[in-house]
Amino acid sequence: MATNTNQSIQKNFPVLQMTCAGCAAGVENKLKSLEGVNNAAVNFATATAQVNFDPGRTDAAAMQKAVQSIGYDLVLEEENQQDLVDEIHRKKYASLKKKTVWALILSVPVVVYGMFFMNAPYANLIMWAFATPVVLWLGRDFFINAWKQAKHRTANMDTLVALSTGTAYVFSLFNMLFPEFWESKGLEAHVYFEAAAVIIAFILLGRLLEERAKGSTSSALKKLMGLQPKTVTVIEDDKQVEMPIENLAVGNIVLVKPGEKIAVDGTVMSGDSFVDESMLSGEPMAVRKEEGEKVFAGTINQKGSFRFRADKVGKETMLAHIIKMVQDAQGSKAPVQKLVDKIAGIFVPVVIGIAVLTFIVWLIFGGDNALTHALLAFVTVLVIACPCALGLATPTAIMVGVGKGAENGILIKDAESLELSKKVNAVVLDKTGTITEGKPQVTDELWKDESAKPILMSLEKQSEHPLAEAVVEHLSDENAVSVSDFHSITGKGLQGVAGGETYFAGNRKLLAENSIEIPGELSAKGDEWSKSAKTVIWFADSQNALAVLAISDKVKETSVEAIRQLKEMDIDIYMLTGDNEATANAIAEQTGIGHHKAEVLPHEKSEFVKQLQQQGKTVAMVGDGINDSTALAQANVSIAMGQGSDIAMDVAKMTIISSDLTKIPQAIRLSRQTVNTIRQNLFWAFIYNVIGIPIAAGILYPVNGFLLNPMIAGAAMALSSVSVVTNSLRLKWKR
C-alpha cells in the first residue's frame with residue numbers, strides 16, 4: 001500500500017475484549033487492512049494497539065469502527081484513558097476470579113462421578129446438575145464471544161472452546177434423555193458432562209493465571225504524568241492567579257514556590273533557587289537556577305522561589321517526550337508473541353477443519369456405526385485439541401519464575417525480558433545510584449586547625465547547596481557558633497564572619513582571589529583528591545587555609561563483584577554518566593569497566609543503547625532515575641535499581657529491590673532457567689496436540705481398532721495442563 005509516511009503519526013490505543021493471541025492477530029490484520037494505516041502491532045500481553053497512520057487519510061474513529069466490526073473495541077478517550085482501562089481490567093479480573101473458583105468447585109463432583117460412580121443411581125442427573133451451571137453460566141462468555149466471531153465470519157480460541165464443550169454438553173444431554181437411541185443399536189449411552197465442565201474450569205484457570213502474569217502496564221505512565229502538577233500559579237497584572245495546567249500558554253509567567261514541582265519547560269525571569277533535576281539528569285546534586293537559566297517540567301524546586309516564562313507546554317515538554325517514548329516502547333510487541341500469534345492465527349480453523357473432516361470420513365467409511373463414531377470422533381478432536389496447555393504454558397512458568405525472583409530480591413515484569421535476557425551480551429550501567437550510592441559524602445579530610453570545625457559546620461549550615469549538606473552531615477557532632485555577614489559567592493563558595501574573623505569555604509579559585517595561602521601539605525592532598533575525581537572543598541580564614549575536604553559519591557561494595565561476574569559470563573559492560581571525564585575514568589578504573597562515556601545527556605543514553613543494538617548486540621540497560629527511562633525503554637532488557645525512582649522501576653522490565661548489582665547476573669541466570677521452562681512447556685503442549693489430535697480422529701482404528709473415548713480425551717487434556725503446571729513448578733527447586 002502506497003502511503004505518504006512523511007505525514008504519518010504513531011498512537012497507542014487500548015484494545016478491549018481480546019481473549020487470546022488469535023484475537024490480537026485478528027485485530028492487527030484488520031487495522032493493517034485500512035487505507036491510511038502504514039503499520040499496526042497489537043500486543044496481547046499489554047492489550048494495546050500501536051498504529052502508525054496518515055491522519056489525512058484515516059483517523060482513530062475509523063479504526064475503532066473497523067475493530068468493532070469484528071467484535072472488539074478501541075479506547076479513544078485521551079483524557080483519563082488509563083484510569084478507564086484500569087477499571088475495566090480490574091472488574092474483568094475480579095469477575096474471572098469468581099467464575100474460576102466456582103467452576104473448579106462445581107467440576108470436582110462431576111469428575112468424581114464421571115470417573116468412579118458412572119453406574120450409580122441418578123449419576124447422569126447429578127453430573128448434569130453440576131455441569132450445567134459451569135457450561136451455561138460460568139462459561140457463557142465463551143459461547144457469547146464465539147457467536148460474535150461467527151457473525152463476523154472469524155474464529156478464535158473461544159470458538160474452539162464453545163464448539164468442544166457445547167457439543168460434549170448437548171451430546172451428553174441427548175444421551176441422558178434418550179439413552180434408548182444408542183441402546184437399540186447395542187451401544188452404551190455415555191455422557192461426557194465431566195469433559196465439558198473440566199474444560200471450562202481449566203480454561204478459566206488458565207486465563208486467570210494469564211491475567212495475573214500480564215500485570216498492569218499503566219503505572220509507569222501514571223507516575224510520569226503525576227510529575228506534572230494539575231494547577232499552576234500564573235502572574236497576571238502583578239496578581240497571582242491559580243489555573244489548570246491545560247490552560248497554560250507559551251509566554252505565561254509562572255511562579256514556583258519552595259517544594260513545588262515545575263509544571264512546564266521554561267526560562268527563569270527573576271529570583272533564584274536550587275532545583276532537583278535528578279529525575280532528568282540522574283545526578284544527585286541540585287542545580288542552581290538564576291535569571292536566564294532553563295527549567296524543565298517534572299523537576300522539583302527546593303528552598304527558594306522564582307518566576308519563569310513558559311517556553312514549551314503540553315506535549316512539547318521534555319517530560320511529555322519521555323512519556324511518549326516510554327508509551328511507544330511499552331506498546332511494542334514482545335518477540336515471544338510473534339510465534340504465538342502465527343500459531344494462534346491458524347490453530348482454531350485448522351482444528352475445526354480436522355474435526356469436520358474427521359466427522360465426514362467416519363460418516364462415509366464408518367460402517368454400521370458410522371454416525372456414532374463420527375459424532376464421538378468429532379467431539380473427541382475438539383475436546384483433546386482444547387488449547388489449555390498452550391494457554392498455561394507461558395503464564396505458569398512466568399509466575400513461578402517471577403515468584404522465585406521476588407524471593408531473591410529480583411522483580412521481573414514480563415515475558416519479553418525473560419526471553420531476551422538469555423541473549424544479553426552487553427550491559428549498559430548508569431553511574432550515579434547504580435554503580436555508586438547516589439549520595440554525596442565527605443570521604444577524606446585534612447585539618448591544620450581542628451578547633452575551627454564548628455565554624456565550618458555553622459558556615460555550611462546557612463547554605464542551600466547539596467555539597468554543603470554533605471559537609472554539615474559529616475560535622476553534625478560539632479556545636480554551632482554564631483555566623484554573621486554570610487553570603488554565597490556564585491560558582492565559588494561561601495563567606496561569613498565568626499568571632500570577628502572572616503572565613504571562606506569553597507573552591508581553590510575563591511582562596512586565590514582572596515590572597516589566602518595554602519600550606520604545602522594541604523595543597524598536595526587537594527591535588528591528589530582532585531586527580532581521584534573527588535570534589536575538593538577548601539576552608540580558610542582571611543590569611544591561611546585551615547582544612548581541605550574531599551566529597552565523593554562512593555562506589556557500592558557489590559559493584560566490583562557484579563562486574564566481575566558479568567565479565568565471566570562473556571558480557572560486555574559499558575558505563576554512562578553525566579559526570580565529568582575525570583570522575584568517569586576513576587570509577588571505571590576502580591570497578592574494572594572497560595568502556596565508559598562521560599557528560600552524557602538523557603536522550604544520548606537511549607541513542608547509545610540504539611547504537612549498540614545496531615551493532616547486533618542484545619542490550620540490558622541498568623539505571624535508577626527518570627533520566628534513564630528513555631534508555632530503559634529502548635533497551636532489549638531494562639533493569640532498574642530499587643532505591644532509585646519509581647518511574648525507572650515501572651518502566652523497567654526488571655527491578656533489583658536491594659540495589660545490589662550482583663543481583664543482575666543472578667537475574668540473567670534465573671531468566672535463562674525460566675525461558676527454558678517456557679520452551680519445554682510449549683514443546684509439550686504442541687507435541688500433545690500433534691499426537692493427540694490424530695489419535696482422537698481415529699488414525700489408530702484401522703490398525704488396532706482403538707478409538708479414543710471423549711472422556712479419556714478430557715482427562716488427557718486436563719493431564720496436559722497439569723503436566724505443564726508441574727513442569728513450571730520445578731523451577732522453584734532449581735538453584
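Now for a look at the structure at hand. Remember, it's a predicted structure, so these values are computed and weren't measured experimentally.

## With respect to the pairing of strand 19 (residues 501-506)
Next, step 1: By the bridge criterion, 6 bridges tie strand 18 (residues 493-498) to strand 19 in an arrangement that is antiparallel. Bridge pairing in strand 19 links Ala 498 to Glu 501.
Next, step 2: Two successive antiparallel strands, strand 18 and strand 19, enclose a turn made up of 2 residues, where Gly 499 displays a positive phi of approximately 60 degrees.
Next, step 3: Here strand 19 pairs with strand 20 (residues 535-540) via 3 bridges, running antiparallel.

## Here's the deal with empty space enclosed by the protein
Next, step 1: Here the structure, examined in full by the defined rule, presents 2 cavities of 30 Å³ or more.
Next, step 2: Computed from the structure, the second largest cavity encloses a volume of approximately 50 Å³.
Next, step 3: Forming the boundary of the second largest cavity are Gln 17, Gly 71, Tyr 72, Asn 145, Lys 148, Gln 149, Asn 156 and Asp 158.
Next, step 4: When residues of the lining of the second largest cavity are assigned to their parent elements, the largest contribution, 3 residues, is made by helix 5 (residues 140-151).
Next, step 5: Classifying every residue of the lining of the second largest cavity by side-chain character gives 1 nonpolar, 5 polar and 2 charged.

## What about the packing of helix 4 (residues 123-138) against helix 6 (residues 157-177)?
Next, step 1: Two elements in contact, helix 4 and helix 6, have axes separated by 11 Å at closest approach and are oriented at 155 degrees. Relative to helix 6, helix 4 is oriented roughly antiparallel. For the element pair helix 4 and helix 6, the recorded crossing hand is left-handed. Residue-level inspection shows Asn 124, Leu 125, Trp 128, Thr 132, Val 135 and Leu 136 of helix 4 in contact with helix 6, the latter providing Tyr 169, Leu 173 and Met 176.
Next, step 2: Of the residues in the contact of helix 4 with helix 6, the class split is 7 nonpolar, 2 polar and no charged.

## Description of the sheet that holds strand 22 (residues 572-576)
Next, step 1: If you walk across this open sheet you meet the 7 strands as 14-26-25-24-15-22-23, and the pairing is mixed. For this open sheet the edge positions go to strand 14 (410-412) and strand 23 (595-597), each flanked by a neighbour on one side alone. Averaged over all pairs of adjacent strands, the angle between their axes in this sheet comes to 20 degrees, without regard to strand direction.
Next, step 2: Here strand 22 pairs with strand 23 via 3 bridges, running parallel.

## A closer look at the pattern of salt bridges
Next, step 1: Scanning all chains against the criterion turns up 18 salt bridges.
Next, step 2: A salt bridge links Asp 272 to Arg 288, with the nearest nitrogen and oxygen atoms 3.0 Å apart. Within this pair, whereas Asp 272 is found in the loop between strand 8 (265-271) and strand 9 (273-276), its partner Arg 288 is found in strand 10 (residues 287-289), the two being separated by 16 residues in sequence.
Next, step 3: The class for Asp 272 is partly exposed, based on a relative accessible area of 35%.
Next, step 4: Residue classification places Arg 288 among the partly exposed residues on the basis of a relative accessible area of 26%.
Next, step 5: When the shortest N-O distance is used, the salt bridge between Lys 617 and Asp 572 registers 3.0 Å.

So, how was this worked out
Residues numbered from 1 in each chain as written. Predicted model: local features only at pLDDT ≥ 70, side-chain atom pairs only at ≥ 80, totals over all residues. Heavy atoms only, no water. Pairing = 2+ DSSP bridges. Helix = DSSP H or I, 4+ residues; strand = E, 2+ residues; numbered from the N terminus. 1 Å grid on protein atoms, 1.4 Å probe; cavity = no way out; pocket = protein on both sides within 12 Å on 5 of 7 lines; lining within 4 Å. Points joined across faces, edges and corners; volume = space filled by probe spheres on them. Nonpolar A, V, L, I, M, F, W, Y, C, P; charged D, E, K, R; others polar. Axes fitted to C-alpha atoms, helices over the stretch in contact; angles between N-to-C directions. Parallel < 35°, antiparallel > 145°, perpendicular 65-115°, else oblique. Left-handed = near helix turned anticlockwise from the far one by under 90°. Contact = heavy atoms within 4.5 Å. Salt bridge = Lys/Arg side-chain N within 4 Å of Asp/Glu carboxyl O. Buried < 20%, exposed > 50% of the residue type's maximum accessible area, 1.4 Å probe, protein only.

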